[in-house]
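Descriptive analysis of the structure
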Amino acid sequence: MTSVEAATRLFEDAAPRADWPEMLNQELWPAARRDLVALDLFAGCGGLALGFEAAGFATRGFESHPDACATYRLNLGGSCAEIELTATTDLPDADVVIGGPPCQPFSVGGRQMGLADARDGFPIFIAAIERVQPRAFVFENVRGLFYRNRWYLDEIVSALESFGYRVELRMLNAKQFGVPQNRERVFVVGHRGEFRFPEPLPQRPVTAGEALGQLAEQIPAGSKFLTASMDAYVARYEKASKCVRPRDLHLDRPARTLTCRNLAGATGDMQRIRLADGRRRRLTAREAARLQSFPDWFEFVGGETSTYNQIGNAVPPLLALHVARAVRTHLVGSQRESVVEGTTAGV
């Protein structure tokens, strides 16, 4: 049975999926044949690239954060240049340009200043598309692009269309693609032919409990527990937020969205597990990585806060895999059409 067939069986099975972690380890292993090239801008630790490598792309990453770049190099087949990207950075040719331009300017939790925010990476991404002229491009960003800064999303699309691309966008929820997390993000794809976004899997979502398995019951060395004062603070936070259910991790459903803030910060919204004895502890980095659909063989470089930030900023690799397969289908189909047209013309 191939890994794809096994994954299909896994997602179709309505019974508890105790083998989900092992399936993830196999499904996201880089493909032996990587015959298309993807440039990964603002690459982070490589969540998006991991999905593309598993779909048969060779990747070349560009990332300014030293730990994230080191994590990319440690786990992925492609290189990662530790560099602060600019609109004039020299980039090689590629079939596809992918990336996650810094999203803080558009985050619902941020200031939503768009172009006025110095953290904006979209002008750099747009300049890269104009110079490289890839056959397709993909970028992912937060839901905030659909809010106050929707006007800016329209400007981005207009700029990219001016280079001759058809640009399509869709809000994808990671839980609909096998990721045990309720995470909505905007995906924008540019192409010059016909492209179809991946359709949500028809099966029920994978739960946090299925993803974590026995990890959720364990108390690893160095576990950080909420103190009595923190419990009281959380209770006040949830009351003020009018939470219907406590915001602990519920093992019978997908996790809520993982972010840098609720993973690394000791806040009222922090990601935590309630143990059988009533104590609550923060998620470990490995648990957070599982919920973000990183396979267990994927290792992170850096301290605790750096690791949490890398995980919280990443595109879930399993969601990235579904998008990458759709892009590959488009590119391979375009190649076949070109060959057929060329043969016909020659005759």
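Residues numbered from 1 in each chain as written. Predicted model: local features only at pLDDT ≥ 70, side-chain atom pairs only at ≥ 80, totals over all residues. Heavy atoms only, no water.

1. Examining the overall build of the protein chain
Looking only at helices and strands, one finds 12 helices and 9 strands in the protein chain. Counting only residues that meet the buried cut, the protein chain has 51% of its 347 residues in that class. Of all intrachain contacts in the protein chain linking residues separated by at least 6 positions in sequence, the fraction that spans at least 24 positions is 66%. For the protein chain, the exposed area adds up to about 15600 Å²; of that, 52% sits on carbon and sulfur atoms. (Helix = DSSP H or I, 4+ residues; strand = E, 2+ residues; numbered from the N terminus. Buried < 20%, exposed > 50% of the residue type's maximum accessible area, 1.4 Å probe, protein only. Contact = heavy atoms within 4.5 Å. Areas by Shrake-Rupley, 256 points an atom, 1.4 Å probe, with all protein chains shown as cover.)

2. Observations concerning the packing of aromatic side chains
Counted by the stated rule, this structure contains 13 aromatic pairs. Considering the side-chain rings of F294 and F300, the 5.3 Å spacing of their centres and the 75 degrees angle between planes classify their relative orientation as edge-to-face. A network of ring pairs unites the aromatic residues F122, F125, F137, F139, W151, Y152 and Y165 as a single cluster. Over the ring of F225 we find R279, and its NZ or CZ is 4.3 Å from the ring centre. (Phe/Tyr/Trp six-rings, centres within 6.5 Å; stacked < 30°, edge-to-face > 60°. Lys NZ or Arg CZ within 6 Å of the ring centre and 35° of its normal.)

3. Regarding helix 2 (residues 20–27)
Burial of helix 2 is extensive: 6 of the 8 residues sit out of reach of the surface. Within helix 2, burial applies to W20, P21, M23, L24, N25 and E27.

4. What to know about the sheet that holds strand 6 (residues 166–173)
If you trace the 7 strands from one edge of the open sheet to the other, you get 3-2-1-4-5-7-6, paired in mixed fashion. Sheet topology places strand 3 (79–82) and strand 6 at the edges, where each strand pairs with a single neighbour. Each adjacent strand pair in this sheet contributes to an overall mean axis angle of 20 degrees, direction not counted. Examined bridge by bridge, strand 1 (residues 36–41) and strand 2 (residues 57–63) share 6 bridges and lie parallel to one another. Directly across from L39, in strand 2, lies its bridge partner R60. Together, strand 5 (136–141), strand 6 and strand 7 (184–191) form the strand contacts of helix 6 (residues 150–161), whose direction differs from that of strand 6 by roughly 140 degrees. (Pairing = 2+ DSSP bridges. Axes fitted to C-alpha atoms, helices over the stretch in contact; angles between N-to-C directions.)

5. Observations concerning the pattern of salt bridges
Tallying each qualifying case throughout the model produces 23 salt bridges. For E53, the salt bridge is made with R34, and the minimal N-O distance between the two is 3.5 Å. With a gap of 19 residues between them, E53 in helix 3 (residues 47–54) and R34 in the loop between helix 2 and strand 1 connect regions that are remote in the sequence. When its relative accessible area of 0% is taken as the criterion, E53 is described as buried. Judged by its relative accessible area of 33%, R34 is partly exposed. Measuring nitrogen to oxygen at the nearest pair gives 2.8 Å for the salt bridge that ties D248 to R272. (Salt bridge = Lys/Arg side-chain N within 4 Å of Asp/Glu carboxyl O.)

6. Side note on the pairing of strand 2
Among the 7 residues that make up strand 2, 5 are buried, leaving the element largely enclosed by the rest of the structure. Regarding topology, helix 3 serves as the crossover connection from strand 1 to the parallel strand 2, and that connection is right-handed. Bridging between strand 2 and strand 3 involves 4 bridges; their strand directions are parallel. Bridged to R60 within strand 3 is S79. Each parallel crossover has a hand, and the one from strand 2 via helix 4 (residues 66–75) to strand 3 is right-handed. (Right-handed = clockwise from strand over helix to strand, strands pointing away.)

7. Considering the confidence of the model for the protein chain
Looking at the protein chain as a whole, its pLDDT mean stands at 88, while 86% of the residues score no less than 70. Note that residues 1–13 has pLDDT below 50 and, in this model, 23 contacts with residues that lie over four places away or in other chains. In this model residues 339–347 is a low-confidence stretch, pLDDT under 50, and it forms 0 contacts with partners more than four residues away in sequence or in other chains. (pLDDT = per-residue confidence, 0-100.)

8. Overview of the nonpolar core
Within the largest apolar cluster, 61 residues are counted, with the highest numbers of intra-cluster contacts made by F52, F57, L291 and V327. Beyond its immediate sequence surroundings of up to four residues, V327 is in contact with F52, F57, V96, V138 and F195. (Core = buried A, V, L, I, M, F, W, Y, C linked by side-chain atoms within 4.5 Å.)

9. Looking at the environment of V301
Here V301 is to be found in the loop between helix 10 (285–291) and helix 11 (304–313). Along the backbone, V301 and A70 are 231 residues apart, and their C-alpha atoms lie at a distance of 6.3 Å. Residues contacting V301, with those up to four places away along its chain left out, are D67, A70, T71, L74, S306, T307 and Q310.

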